[in-house]
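Listed below are the residues making up each chain.
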Amino acid sequence: MSQHSPAAASPFRQPKAVWAVAFACVVSFMGIGLVDPILPALSAQLHASPSQVSLLFTSYLLVTAVAMLITNMVSSRIGPKYTLIAGLAIIVVFAALAGTSDTIGGIVGFRAGWGLGNALFIATSLAVIVASATGGFSGAIILYETALGIGIAVGPLLGGTLGGISWRGPFYGVSVLMFIALLATIFLVPKTPTPAVRTSIAAPLTALRHRGLLIMSLTAVLYNWGFFTMLGYAPYPMHLNEHKLGLVFTGWGLLVALFSVAVAPRLQRRFGTARTLYVNLFLLGVVMTVIAAFTDSPATVIVAVIVCGAFIGINNTLTTQAVMTVAPVPRPVASASYGFVRFIGGGLAPFVAGKLADHYNIHVPFYLGAATFLLAIAVLATGHRILTDAENAAAATEEAEPIGEIVAVGRTGPANGNRPVVVAVDSGPNAAAVTAAAADRAAELHAPLELLHVHEIAVVGEQAVDRETYEQARARVQAALDGLAARGVAASGHVLRSVADHGHAGSLIARHAKAVGAQLVAIGGPTHGGVAHLLDGSAGQRIVAEAGCEVLVVPPEPSLR
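Keep in mind that what you see is a predicted model, and the values were worked out from it rather than measured.

A.B. asks: What exactly am I supposed to notice about the overall build of the chain here?
C.D. replies: Within the chain, the regular secondary structure consists of 22 helices and eight strands. Looking at the chain alone, contacts between residues at least 24 apart form 86% of all its contacts between residues at least 6 apart.

A.B. asks: What exactly am I supposed to notice about the packing of helix H10 (residues 211–233) against helix H14 (residues 298–326) here?
C.D. replies: Helix packing geometry: the angle between the two helix axes and the distance between the axes. Where H10 contacts H14, the two axes come as close as 10 Å, and the packing angle between them is 165 degrees. With respect to each other, H10 and H14 are oriented roughly antiparallel. Judged by the twist between their axes, the crossing of H10 over H14 is left-handed. Contacts between H10 and H14 involve Gly212, Leu213, Met216, Ala220, Tyr223, Phe227 and Met230 on the former and, on the latter, Val305, Cys308, Ile312, Asn315, Asn316, Thr319, Ala322, Val323 and Val326. Of the residues assigned to the contact of H10 with H14, the class counts are twelve nonpolar, four polar and no charged.

A.B. asks: Whenever I open this one, the side chain of Thr317 confuses me. Can you help?
C.D. replies: Relative to the elements of secondary structure, Thr317 occurs in helix H14. The residues touching Thr317, leaving out its near neighbours within four places in the chain, are Ser260 and Ala264.

A.B. asks: Just checking my understanding: could you explain H14 for this structure?
C.D. replies: Taking 1.5 Å of rise per residue, 29 residues should cover 42 Å, and H14 covers 41 Å from first to last C-alpha, within 8% of that figure. Along its length, H14 shows its largest kink, about 25 degrees, at Ala310.

A.B. asks: What exactly am I supposed to notice about the pattern of salt bridges here?
C.D. replies: Oppositely charged side chains can pair when the atoms bearing their charge come close. Going through the model one piece at a time under the given rule, you end up with four salt bridges. Close ionic contact of Glu550 with Arg441 constitutes a salt bridge, the shortest N to O distance being 3.7 Å. In this pair, Glu550 is assigned in strand E8 (residues 550–554) and Arg441 in helix H18 (residues 431–445), connecting sequence segments 109 residues apart.

A.B. asks: Please clarify how unusual backbone geometry should be interpreted in this entry.
C.D. replies: As a rule of thumb, non-glycine residues mostly have phi less than zero, and peptide bonds are mostly trans rather than cis. Residue His239 is not a glycine yet carries a positive backbone phi of 55 degrees. A relative accessible area of 65% means that His239 is categorised as exposed. The backbone phi angle of His446 is positive, close to 55 degrees, even though this residue is not glycine. On the secondary structure map, His446 appears in the loop between H18 and strand E4 (449–460).

A.B. asks: Got a minute to help me understand the environment of Ala264 in this structure?
C.D. replies: Within the secondary structure layout, Ala264 lies in helix H12 (residues 242–271). Note on Ala264: relative accessible area 0%, which makes it buried. A sequence separation of 49 residues divides Ala264 from Gly313, and the C-alpha atoms of the two residues are 7.5 Å apart. When neighbours within four sequence positions are excluded, Ala264 is seen to be in contact with Phe259, Ile314, Thr317 and Leu318.

A.B. asks: How should the packing of aromatic side chains be read in this particular structure?
C.D. replies: Going through the model one piece at a time under the given rule, you end up with twelve aromatic pairs. Centre to centre, the rings of Tyr233 and Tyr236 are 5.1 Å apart; their planes meet at 50 degrees, and the pair counts as tilted. For Tyr233, a relative accessible area of 4% puts it in the buried group. By the ring-pair criterion, three or more aromatic residues cluster together here, those being Phe57, Tyr223, Phe227, Phe228, Phe249, Trp252 and Phe373. The positively charged end of Arg111 is found above the aromatic ring belonging to Tyr60, 4.1 Å away from the centroid. Directly above the ring of Trp114 sits Arg111, whose terminal nitrogen or CZ lies 4.8 Å from the centroid.

A.B. asks: What's the story with the pairing of strand E3 (residues 421–425) in this structure? I'm lost.
C.D. replies: The side chains of a regular strand alternate, residue by residue, between the two faces of the sheet. Taken across its five residues, E3 has five buried, putting it largely inside the fold. Judged by which residues are buried, E3 turns out to be covered on both faces: Val421, Val423 and Val425 on one side and Val422 and Ala424 on the other are all buried. Looking at chain direction, E3 and strand E7 (residues 520–524) are connected through three bridges and run parallel. Along E7, the bridge assignment pairs Val421 with Leu520.

A.B. asks: Explain H10 to me, please; I cannot follow it from the model alone.
C.D. replies: What sets the pattern is the α-helix's 3.6 residues per turn: residues three or four places apart point alike. Spanning 23 residues, H10 covers 33 Å between terminal C-alpha atoms, matching the ideal 33 Å at 1.5 Å per step. Of all 23 residues in H10, 20 are buried; the element is thus mostly enclosed.

A.B. asks: What am I meant to see in the packing of H12 against helix H13 (residues 273–293) here?
C.D. replies: Two numbers describe how H12 lies on H13: the axes approach to 7 Å, and their chain directions differ by 120 degrees. With respect to H13, the element H12 is oriented oblique. Touching Leu267, Gln268, Arg270 and Phe271 of H12 are Thr273, Arg275 and Thr276, all from H13. The residue inventory of the contact of H12 with H13, partitioned by class, reads two nonpolar, three polar and two charged.

A.B. asks: Explain the confidence of the model for the chain here, please?
C.D. replies: Reading fine detail from the predicted coordinates is not recommended where pLDDT is low. Across the chain, the average pLDDT comes to 81, with 82% of residues at or above 70. Predicted confidence is poor over residues 528–537, with pLDDT under 50, and the contacts of this stretch with residues over four places away or in other chains come to 22 contacts.

A.B. asks: Explain the nonpolar core to me, please; I cannot follow it from the model alone.
C.D. replies: Here is a general trend for soluble globular proteins: nonpolar side chains tend to be buried in one another's company. Judged by nonpolar contacts, the single largest core of 120 residues is most densely connected at Met230 and Trp252. The leading source of residues in this core is H14, at 13 residues. Contacts of Met230, omitting those with residues within four sequence positions, involve Pro235, Phe249, Trp252, Met288, Ile291, Val305, Cys308 and Ile312. Within the second largest apolar cluster, 23 residues are counted, among which are Val409, Val434, Ala438 and Val495.

A.B. asks: Where do I start with the environment of Asn224 in this structure?
C.D. replies: Mapping Asn224 onto the fold places it in helix H10. Taking the C-alpha atoms as reference, Asn224 lies 8.6 Å from Gly347; in sequence the two are 123 residues apart. Beyond its immediate chain neighbours, meaning those up to four positions away, Asn224 contacts Arg342, Gly345 and Gly346. At 2.8 Å, the side chain of Asn224 forms a polar contact with the backbone oxygen of Ala220. Within the structure, Asn224 has its side chain in polar contact with the side chain of Arg342 (distance 3.0 Å).

A.B. asks: Is there a simple way to explain the pairing of E7 in this structure?
C.D. replies: Judged by how many residues are buried, E7 sits mostly within the fold: four of five residues are covered. Strand direction decides the pairing type here: E7 and E8, joined by five bridges, are parallel. Residue pairing across strands places Leu520 opposite Glu550, the latter belonging to E8.

A.B. asks: Please explain the environment of Ser76 as it appears in this structure.
C.D. replies: Checked against the element boundaries, Ser76 lands in helix H4 (residues 55–78). According to the relative accessible area criterion, Ser76 is buried, its value standing at 3%. Residues Ser76 and Arg198, 122 residues apart in the sequence, show an inter-C-alpha distance of 5.0 Å.

Criteria and cut-off values
Residues numbered from 1 in each chain as written. Predicted model: local features only at pLDDT ≥ 70, side-chain atom pairs only at ≥ 80, totals over all residues. Heavy atoms only, no water. Helix = DSSP H or I, 4+ residues; strand = E, 2+ residues; numbered from the N terminus. Contact = heavy atoms within 4.5 Å. Axes fitted to C-alpha atoms, helices over the stretch in contact; angles between N-to-C directions. Parallel < 35°, antiparallel > 145°, perpendicular 65-115°, else oblique. Left-handed = near helix turned anticlockwise from the far one by under 90°. Nonpolar A, V, L, I, M, F, W, Y, C, P; charged D, E, K, R; others polar. Expected span 1.5 Å × (residues − 1). Bend = angle between axes of the 7 residues up to and from the residue. Salt bridge = Lys/Arg side-chain N within 4 Å of Asp/Glu carboxyl O. Buried < 20%, exposed > 50% of the residue type's maximum accessible area, 1.4 Å probe, protein only. Phe/Tyr/Trp six-rings, centres within 6.5 Å; stacked < 30°, edge-to-face > 60°. Lys NZ or Arg CZ within 6 Å of the ring centre and 35° of its normal. Pairing = 2+ DSSP bridges. pLDDT = per-residue confidence, 0-100. Core = buried A, V, L, I, M, F, W, Y, C linked by side-chain atoms within 4.5 Å. Polar contact = N/O pair within 3.5 Å; in protein donor to acceptor, adjacent residues only side chain to side chain.

Quick look at the structure:
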């Protein structure tokens with residue numbers, strides 16, 4: 001292998017615009033567990049029953065569910081930046097209003113407005129980070145996942161710390177932090193273009209006609225029922241103050257983040273999505289049954305809730321991946337459909353849990369939550385064949401027909417019959433330098449050049465995002481071919497489509513190189529460091545191991561390292 005030794009760049013060396021949105025993401029994800037530490041305090045100080053306090057989750061999640069139907073429509077008309085600004089502004093206003101309220105009904109109403117803003121924000125934040133990042137596609141994804149993990153873990157801690165001063169503290173804290181993020185977004189994030197295709201408001205609903213997507217969404221309803229029963233009602237039997245509740249749910253959040261990002265993909269690759277989900281949902285049912293049976297033991301409830309974070313992290317990731325696998329509609333539409341249905345379960349569960357505890361006893365809501373986890377297994381099993389067939393089809397595409405994902409764009413000049421030089425690039429800023437270096441080597445070897453442009457997607461959290469559209473990828477290939485033609489280089493151009501991760505991309509590039517008998521493959525040097533390598537497959541390592549020819553690694557420009 002021919003290689004310069006570049007200094008790997010960190011995914012955290014990004015423009016100010018990316019940091020502005022990433023900061024807002026952290027604060028947004030804090031909202032998941034922010035109010036947990038203050039639930040008992042709200043109940044006591046506002047003289048409200050636990051079922052009334054649980055409406056903080058219900059109003060927030062039900063409005064988020066309905067708003068998922070319009071987020072794509074709004075974003076496709078006003079553009080991601082202005083959708084982001086609208087969401088942030090709504091959160092700032094309604095979080096502050098929640099802090100000023102003196103009644104539980106007022107807080108519940110303002111949390112509903114907060115849910116609308118959060119839906120608009122989460123629908124576009126990842127796309128804006130990816131569009132603005134300079135550290136490469138992988139760096140942007142790692143940064144988003146880091147923000148997600150920090151937000152989930154720190155939210156309860158912040159809620160407990162500020163809640164220890166006053167139950168109003170978490171609401172005011174979020175409003176101030178989001179206001180800072182709003183100003184940074186307005187002044188630092190560049191205007192993003194409006195999508196060429198507008199999304200219909202009916203698209204997420206009509207997508208539910210597809211049986212696979214409907215089954216996965218109903219599975220998510222049941223799973224979220226159990227999940228939000230635990231999140232919304234478990235703080236009461238712990239009998240802890242705000243600070244200690246914050247620490248408990250911080251431990252829970254750390255496990256959610258760790259198992260979602262680092263463990264779930266490995267389980268999926270080893271056992272498959274369906275089998276992993278069956279076992280994981282069963283274990284969630286077991287943990288919830290333990291909480292139900294030992295509700296009178298605060299220590300048992302605390303340990304069970306923290307352990308539950310591991311299974312929730314796995315389930316969140318794999319359920320979303322499964323939705324994207326089976327859905328025959330565009331990913332943003334599938335994500336909106338799935339979010340709409342699943343948040344309904346999450347919104348209703350805490351309220352019903354409170355009512356059941358009021359009418360029966362505190363054990364009943366958790367037994368119901370355990371039952372919904374187990375019922376989710378039965379619902380998922382009705383779509384077992386759909387899910388496994390979709391996974392098998394994806395695996396077959398990767399292992400048996402990788403060339404079918406490579407689409408020819410054009411050619412400059414005739415091939416001379418010699419074995420080609422293959423150059424693989426993406427939409428990153430180092431693409432031109434890699435292509436130029438490959439062209440120089442092709443000239444030395446009297447070989448034609450084959451340009452592969454990697455059009456990559458990623459599914460993170462509840463969202464799927466493209467670094468670029470397919471049309472943009474084709475345009476970039478054509479522009480590169482025009483430049484090579486001006487230099488008199490004989491070249492053909494291709495787009496490598498719908499790649500789910502870098503390891504997959506590396507295997508496809510290597511197999512294409514073998515198929516065309518390449519004598520050399522040129523790729524760009526890494527623009528991310530150890531964290532990205534830990535969480536994702538390395539395209540470079542796959543190419544070196546599988547291409548069967550010399551590999552030239554072109555280092556990034558010093559400014560990109």
